[in-house]
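Tertiary structure, described
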Amino acid sequence: MAGRRKKKTAAGAIITILCIAGLLLMLALGTDGAFLDSFGDFLGSAALSPSAANVAKLVPGDNDDLLLYVIDTGNSDSMVLLTPDGHSLLIDAGESDDAGRILDTLSALGIESLDAVVATHPHADHIGSMAAVLNQIPVGTIYMTDFVTTTKTYEKMLGAIEENNVPAVNVTDGYAFDLGGVRFTVLNPQAREYGDANNSSIVLLAGYGGTKFLFEGDAEEEAIADMLANDSGLMDVDVLKVGHHGSHNATTQEFLNATTPSLAIINCGEGNDYGHPHKETLDMLGAMDVTVLRTDQDGDIAVFSDGTAVRYAAAA
Ligand SMILES: [Zn+2]
């Protein structure tokens, strides 16, 4: 008896499913295909996260240039370099609530492990999601500065480094390494103690063929003066990741005269409390005819280098 009742229930379920399917088909036919279109849109949007949609929009599937992908995490920093042969380096990991966005972007770029991660300095808008990244993705080496703090975010990052056995290297001016045809050179911090975290930022120069990218972290005037004194021969870059979210205390005319970027990228959040980027910085860049891209206006930003020239695309 129980078996027969089960059969009846199963038959009922099949009839119900057929009825629903029939109803859906009628709706589809009766609405001139509009139902099918919207159902397709629903499936499409459900399949791609906003981060993945940005990657799909900005990065051609057959890209074989060096890619710098700047993730729009608001008034915080996170960007990744992906070499033509698939090596990857992440610079900073935004605030603590940016983990989803960062991990979705890395995934959409096909990055399942990172060769290297750079934590420019231990402020929450640069290492906020570093522990989450380290816990999710295998990392070859993490590069850090000597500057230490006692914040929970910093402790969490150190915990994740230890738990995941990630080799950690403290770097100073002159340290260099190669990755996938890209030469990385550290220009800051100098081998001395700094009074604040921003000036202890790792400043990283990436050279690919004849093109150069300079990543300043939140380095301010003190660090800039040190770099000009020690590394002026390494300047003259194509792309500048502007220091400290475009703050007036992180860009000097002397520094721009030495670096002469053609493209400047500013990581800043819409309506942020600090007024970043500051007018003084924008005025200096404008006077030198530097193309400025800002995450608050341009969203995610992709910069490509074929070793000879750079070009860019922006999501917004
Ligand atoms: Zn910052």
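Residues numbered from 1 in each chain as written. Predicted model: local features only at pLDDT ≥ 70, side-chain atom pairs only at ≥ 80, totals over all residues. Heavy atoms only, no water.

The protein carries the name Metallo-beta-lactamase domain protein in an unreviewed UniProt entry, which gives Christensenella minuta as its organism.

**What to know about the coordination of the zinc ion**
Binding of the zinc ion to the protein goes through Asp125 (OD), His126 (NE2), Asp218 (OD) and His245 (NE2), at separations of 2.1 Å. Coordination at the zinc ion comes from 4 donor atoms whose angles at the metal span 87 to 148°, giving a geometry best classed as irregular. (Donors = N, O, S within 2.8 Å, 3.2 Å for Na, K, Ca; no water. Tetrahedral: all angles 85-135°; square planar, octahedral: opposite > 155°, others 65-115°.)

**Remarks on helix H10 (residues 279-287)**
For H10, the set of buried residues is Thr281, Met284 and Leu285. Viewed along the axis of H10, the buried residues span an arc of 95°, placing them on a single side of the element. Pointing more than 90 degrees away from the buried face of H10 are the exposed residues Lys279 and Ala287. Close packing links the buried residues of H10 with helix H9 (253-259), strand E12 (263-266) and strand E13 (291-294). Phi for aspartate 289, located one or two positions after H10, is positive at around 60°. (Buried < 20%, exposed > 50% of the residue type's maximum accessible area, 1.4 Å probe, protein only. Helix = DSSP H or I, 4+ residues; strand = E, 2+ residues; numbered from the N terminus. Arc of directions from axis to C-beta. Contact = heavy atoms within 4.5 Å.)

**What to know about helix H3 (residues 50-58)**
Turning to H3, its buried residues number three or more, namely Ser51, Ala52, Asn54, Val55 and Leu58. In an axial view of H3, the angular spread of the buried residues amounts to 155°, which keeps them on one side of the axis. Opposite the packed face of H3, turned more than 90 degrees from it, sit the exposed residues Pro50, Ala56 and Lys57. Along its buried surface, H3 packs onto strand E1 (66-70), helix H4 (99-108), strand E14 (301-305) and strand E15 (310-314).

**Comments concerning the side chain of asparagine 75**
Relative to the helices and strands, asparagine 75 resides in the loop between E1 and strand E2 (79-82). Residue asparagine 75 is classed as buried on the basis of its relative accessible area of 16%. Looking at asparagine 75, its side chain comes within polar contact range of the main-chain nitrogen of glycine 269, at 2.8 Å. Side chain to side chain, asparagine 75 and asparagine 272 meet in a polar contact 3.3 Å long. Sequence-distant contacts of asparagine 75, that is, excluding residues within four places in its chain, are made with Asp125, His245, Asn267, Cys268, Gly269, Asn272, Tyr274 and His276. (Polar contact = N/O pair within 3.5 Å; in protein donor to acceptor, adjacent residues only side chain to side chain.)

**Remarks on unusual backbone geometry**
Geometrically, the link from asparagine 188 to proline 189 is a cis peptide bond, its omega value of 5° lying close to zero. On the secondary structure map, proline 189 appears in the loop between strand E8 (182-188) and strand E9 (203-208). Even without a glycine there, the phi angle at aspartate 92 is positive, about 65°. Among the structural elements, aspartate 92 can be located in the loop between strand E3 (88-91) and H4. By relative accessible area, which is 0% here, aspartate 92 ends up buried.

**What to know about the packing of H3 against H4**
In contact at an axis separation of 8 Å, H3 and H4 are set at 40° when each is read in the N-to-C sense. Considered as vectors, H3 and H4 are oriented oblique to each other. The element H3 and its partner H4 pack so that their crossing is right-handed. Two secondary-structure elements touch here, H3 through Ser51, Ala52, Asn54 and Val55 and H4 through Arg101, Asp104, Thr105 and Ala108. (Axes fitted to C-alpha atoms, helices over the stretch in contact; angles between N-to-C directions. Parallel < 35°, antiparallel > 145°, perpendicular 65-115°, else oblique. Left-handed = near helix turned anticlockwise from the far one by under 90°.)

**Looking at the environment of leucine 81**
Note that leucine 81 resides in strand E2. Non-local contacts of leucine 81, meaning those with residues more than four positions away in its chain, are made with Leu66, Leu67, Leu68, His87, Ser88, Leu89, Phe184, Ala206 and Phe215.

**Topic: the nonpolar core**
Of all hydrophobic cores here, the largest spans 35 residues; its most connected members are Tyr69, Leu109, Leu114, Met130, Leu134, Ile142 and Met157. If you look at the next biggest cluster of nonpolar residues, it comprises 28 residues, including Leu68, Met79, Val118 and Phe177. (Core = buried A, V, L, I, M, F, W, Y, C linked by side-chain atoms within 4.5 Å.)

**Some remarks on the pattern of salt bridges**
Enumeration over the complete set of coordinates arrives at 7 salt bridges. Its salt-bridge partner being aspartate 65, residue arginine 311 comes within 2.8 Å of it at the nearest N-O pair. Residue arginine 311 is found in strand E15, and its partner aspartate 65 is found in the loop between H3 and E1; the two are separated by 246 residues along the sequence. Taking the relative accessible area as the measure of exposure, arginine 311 reaches 42% and is therefore partly exposed. (Salt bridge = Lys/Arg side-chain N within 4 Å of Asp/Glu carboxyl O.)

**Comments concerning the sheet that holds E12**
Taken in spatial order, the 7 strands make up an open sheet running E7-E8-E9-E10-E11-E12-E13, and their pairing is mixed. Every other strand in the sheet has two partners, leaving strand E7 (176-179) and E13 as the edge strands with one partner each. Each strand axis lies, on average, 20° off the axis of its neighbour in the sheet, ignoring direction. Of the strand pairs in this sheet, strand E10 (residues 211-215) and strand E11 (residues 239-241) are connected by 3 bridges, and their pairing is parallel. (Pairing = 2+ DSSP bridges.)

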